[in-house]
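# A structural walkthrough
Here is how the chains run, residue by residue.
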Amino acid sequence: MTAAAPLSTAERLHKFSWLFVMLAQLGNLIFPLMLLIFAGRAGSDDRWEIGFGIVGAALLSAYSLFYTLTFRFWVEAEEIIVKEGLFDRTLRHVPFTRIQNVSFKQNLLHRLMGVVEINLESGAGVKPEARLTVLPLARAKRLEQEIRGRATLIRAEGAPLAQSTAQMDATLLHHVGLGELIRLGLISNRGMILIGTAFYFLSQTRLFPTNVFKQIGQWVRDHLGVVHGPLFWLATVLISFFALLVVVRLASIGMAIFSYFDFKLFAGQGSLRVEHGLVTRQGGSTKPSGVVAMVVKDGWLYRLFNRQTLNVVLPGALMENSGNGSQSGMRHLTPIAHPNVINLLVQKVRPIDLATLQLHPIHPLAWKRMVKWPLILLLVSTTVAVAFLGYLALNALAWVTAAATLAMASVWVYGAIHDARASGFALTRHELIVRTGYFSQHTSIIPRAEVQSVSISETPFDVRHQMAHVRVDLRSGSLFEIPEVVVRYLPKSIAIRLAAALRSC
Amino acid sequence: VPISQLDPTLVLERIDPRTRYFWAISASLVFLLPIIPLGILIMVEKHSLVWLLPMCALAIWLGARYANRAIESYGYALLDDGLWVESGVHWRKATFVARVRVQHTEVGHGPLDRRMGLAKLVIHTAGIRMQHLSIPGLTEVQAHALRDALLKREGNRQLAQQVRVASDVALTTVT
């Protein structure tokens, strides 16, 4: 490759970039536009709206066109320089060593035109350092390699520049096939949101099938021969629940395939790179040293399929995103894989062997603390409810309530015992590992250098058993996606020592 | 009941007792909250406000007591490697921020603070859940001295290394 040659020739974006800039601007304006359209419907004078529309569209296209025509970037030995802006010109120098993540996005239109949108992100801030909308695919790939290659070289110091883009070919570390994605759909609950949203929108229209429940009831009458009474209701409710379950699972599978189709993880040039998606391809690359935390997600459904998920938390560019409040670019090292594969992938970032890792346990009485008060509240409220139902002579319902409560209570106790047994922490020279939960389990692997502050806390309930909790605050991470890193219910003396050990970084 | 310290090995500095005036006011307001509907009920039923007086007195007394406890429970220690702050009467919490993790600091005063010559030191980190740690009830001089001492960086790295080795040893002996 001869990428090193045109060191400081200013380059332009792809010739159709204006189209994508305009679409992005339209995306930002979509709510005001919708408001205008819906509010405008009541008014009578349509010509004004059309006039405004035409003027707006013309201004928008002109802006997009000028923006992309005046946009320049060029690659220097140690940095990339971006010149942008129409009225307010900025010249931005982004040193390669500062670029932590490179994320990219390619929707259907991008793919049809063979272009890609690229964001260069540093460790801080909510906006990417530079956004290139859009580049031809081949140029984008070369740019990413230049960034990675030169950053490595600058750090190594003294190596000849010609080598910078040599041996760039990344090796495929991990691929997620269709079968795995179906499993992911069965495990994850994403479909719930989709179905919920769909129900909401359908309920706003006349399409909403209000009589679904009635139809199921009719079906029960016709096919099961039960006409009324508690058995009829039980059958109807169970069948409705089962139908909802099937629909949600199907939606989850659909979403898993849509988001993670052909998920690939590459390694090379001291960086990890992922790409995925059925229609919209997206992904990004990062340096393993820039990973703020890794979280292995496990749970009862995961165990059923003997799979886990490996999430990564990257610094920077959290709020600016694809619209769902999550981090941009790279979120997983794998959405789903066998625990052995997860263990290998973890080791690509940090030298931790999860299979042989010995966790320091939490307080032996922790499970009691976890269930005591929830259980007391549950039992008291159920007793009241059962007594009330008995008073109303609804004996069958009272029995069902009591039985359901008992079942729930035993599940809670079972979960708490296993949670307390599985939870714990491990401290290595450079990492803190924290595991918590049972029905939904998270194992967080945190470089100690990323710890921003440590706190110990105790509640009045902890005092009797001499327990305390240790919390760790990280540099980055989406509040919604990554659980708080907290080692709960430790014996107090251990908590104090753990906090003391975490003090230094 | 004496307040238990989370790390008994540390010697904590206390904050200025004059802070209790502000805290007593806010705590009293909290204790007054449940009294207000009760007072309205009594007023409607008995057409008298006499009952309200002892109740308000009780709320103020509870508030003052709570503020005193809160101040007793507040403490900080400037350590070689960073700052340790403990607080909370019933729900106790101690937070440590390493010197190298301090992003920037602020010394702030409210209008009442200024009248008494008090200040509040706020320490910002790059964290997401606990971005800042604050110590109220410092004198102006104390706040600036503490800030300067915290930002002094000589020999920090070496010190942090020593502390780390010591704490690793401490942990391995426990586990």
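Chains are numbered independently. Their residues run from 1 in the order of the written sequence. Ligands are numbered from 1 and chains lettered from A, in the order in which they are written. The predicted nature of this model means local features are confined to residues of pLDDT at least 70 and side-chain atom pairs, given and counted, to a pLDDT of 80 or more, with totals for whole chains, interfaces and linings taken over all residues. With hydrogens and water set aside, each side-chain value is computed from the structure's full complement of heavy atoms.

## Some remarks on the overall build of chain B
So the rule is basically this: Secondary structure is summarised from DSSP: a helix means a run of H or I of at least four residues, a strand means a run of E of at least two, and numbering begins at the N terminus for each. A 1.4 Å probe rolled over the protein chains alone gives each residue an accessible area, and that area as a share of the maximum for its type sets the label: buried under 20%, exposed over 50%, partly exposed in between. Whether two residues are in contact is decided by their heavy atoms, any of which lying within 4.5 Å being enough. In short, Shrake-Rupley with a 1.4 Å probe defines the accessible areas, and a residue's cover is counted only from the protein chains shown.
Tallying secondary structure elements over chain B gives six helices and seven strands in all. Considering chain B as a whole, with its 175 residues, one finds that 38% of them fall into the buried category. For chain B, long-range pairs separated by at least 24 residues make up 54% of all intrachain contacts whose partners lie at least 6 apart in sequence. Total accessible area computed for chain B in this model is approximately 10100 Å², and 64% of it derives from carbon and sulfur atoms.

## Brief notes about the confidence of the model for chain B
Definition in use: For every residue, the predictor assigns a confidence score, pLDDT, that lies between 0 and 100.
With 85% of its residues at a pLDDT of at least 70, chain B reaches an overall mean of 83. Predicted complex metrics record ipTM = 0.81 and pTM = 0.82.

## Thoughts on the packing of helix α2 (residues 35–46) of chain B against helix α3 (residues 52–73) of chain B
Residues and elements named next belong to chain B. Applied cut-off: What counts as an axis is a line fitted to C-alpha atoms, over the stretch in contact for a helix, and the angles between N-to-C directions run from 0 to 180 degrees. Here the word oblique covers every angle except those under 35 degrees (roughly parallel), over 145 (roughly antiparallel) and from 65 to 115 (roughly perpendicular).
For the pair α2 and α3, the least separation of the axes is 11 Å and the interaxial angle reads 175°. Between α2 and α3, the angle is such that the two are roughly antiparallel. Across the interface between the two elements, Ile35, Leu38 and Gly39 of α2 pack against Leu52, Met55 and Ala59 of α3.

## So, the environment of alanine 119 of chain B
Residue and element names in this part refer to chain B. Position of alanine 119 among the secondary structure elements: in strand β6 (residues 118–124). Along the backbone, alanine 119 and valine 107 are 12 residues apart, and their C-alpha atoms lie at a distance of 6.5 Å. Apart from residues no more than four positions distant in its own chain, alanine 119 is found in contact with Val107, Gly108, His109, Ile135, Pro136, Gly137, Leu138, Glu140 and Ala143.

## Thoughts on the pattern of salt bridges
Residues and elements named next belong to chain A. Here is the rule we go by: Any Lys or Arg side-chain nitrogen located within 4 Å of an Asp or Glu carboxyl oxygen qualifies as a salt bridge.
Scanning the entire structure with this criterion turns up 20 salt bridges over all chains. Here arginine 183 ties to glutamate 180 by a salt bridge, and the two come within 2.6 Å at their closest N and O atoms. Placement of both arginine 183 and glutamate 180 in helix α5 (residues 178–187) is noted, with a separation of three residues, approximately one turn of the helix. A salt bridge links aspartate 262 to lysine 264; the nearest nitrogen and oxygen atoms lie 3.5 Å apart. For lysine 264, a relative accessible area of 23% corresponds to the partly exposed category. When salt bridges that share partners are traced, they join Glu144, Asp262, Lys264, Arg273, Glu275 and Arg281 into one network.

## A short note on empty space enclosed by the protein
If a probe as big as a water molecule is rolled over the atoms, it shows which places are left empty. All names here are of chain A. The condition that has to hold: Here a cavity means grid points, on a 1 Å grid over the protein atoms only, where a 1.4 Å probe fits yet cannot get out; a pocket means an open set of points with protein on both sides within 12 Å along at least five of seven lines; lining residues are those with an atom within 4 Å of a point. Grid points are joined across faces, edges and corners, and a volume is the space filled by probe spheres set on the points.
Following the criterion strictly, the structure yields four cavities of 30 Å³ or more and no others. Considered as a void within the structure, the largest cavity measures approximately 50 Å³ in volume. In terms of lining residues, the largest cavity is bounded by Ile362, Ser423, Gly424, Val434, Arg435, Thr436, Val486, Val487, Arg488 and Tyr489. The biggest single contributor to the lining of the largest cavity is strand β20 (residues 485–491), with four residues.

## Focus on a nonpolar patch on the surface
Residues and elements named next belong to chain A. Put simply, the test is: Patch membership needs two things, relative accessible area over 30% and no salt bridge, and members are linked within 9 Å if like-charged or within 5 Å if nonpolar (Val, Leu, Ile, Met, Phe, Trp, Tyr).
Taken together, the side chains of Trp300, Leu304, Met408, Val411, Trp412, Tyr414 and Phe439 define a hydrophobic patch exposed on the protein surface, amounting to about 710 Å² of accessible area. For the nonpolar patch, the secondary-structure elements that each account for two or more residues are α9 (300–305) and α12 (395–422). Ranked by the residues each element gives to the nonpolar patch, the list is headed by α12, at four residues.

## Details of the sheet that holds β6 of chain B
Residues and elements named next belong to chain B. To keep it simple, the criterion reads: Paired strands, in this sense, are two strands between which DSSP finds at least two bridges.
Pairing is antiparallel in the open sheet, where three strands are placed in the order β5-β6-β7. Edge positions in the sheet fall to β5 (104–108) and β7 (132–139), since each has one partner strand and no second. For this sheet, the mean inter-axis angle between neighbouring strands, taken without regard to orientation, is 20°. Note: β6 against β7, six bridges, orientation antiparallel. Paired with leucine 118 across the two strands is threonine 139, which belongs to β7. Sheet contacts for helix α5 (residues 140–151): β5, β6 and β7; angle to β7, the most-contacted strand, approximately 140°.

## So, the packing of aromatic side chains
The condition is simple: Working definition: rings of Phe, Tyr and Trp (its six-membered ring) pair if their centres are within 6.5 Å, and the pair is stacked with planes under 30 degrees apart, edge-to-face with planes over 60 apart, and tilted otherwise.
Tallied over the entire structure, the rule returns nine aromatic pairs over all chains. With a centroid separation of 5.7 Å and an interplanar angle of 55°, the aromatic rings of tryptophan 23 of chain B and tyrosine 74 of chain B are classed as tilted. One end of the pair, tryptophan 23 of chain B, is in helix α1 (residues 20–32); the other, tyrosine 74 of chain B, is in the loop between α3 and β2 (75–78), and 51 residues separate them in sequence. Each member of the aromatic cluster is reached from another via a ring pair, and the members are Tyr63, Tyr67 and Phe71 of chain A.

## Details of unusual backbone geometry
Residue and element names in this part refer to chain A. Residues threonine 133 and valine 134 are joined by a peptide bond in cis, for which omega reads -10°. By secondary structure assignment, the location of valine 134 is in strand β6 (residues 130–136). Despite not being glycine, alanine 393 has its phi angle at roughly 60°, a positive value. Along the chain, the position of alanine 393 falls in the loop between α11 (366–391) and α12. In this model, glutamine 466 sits at a positive phi of 55°, which is unusual for a non-glycine residue.

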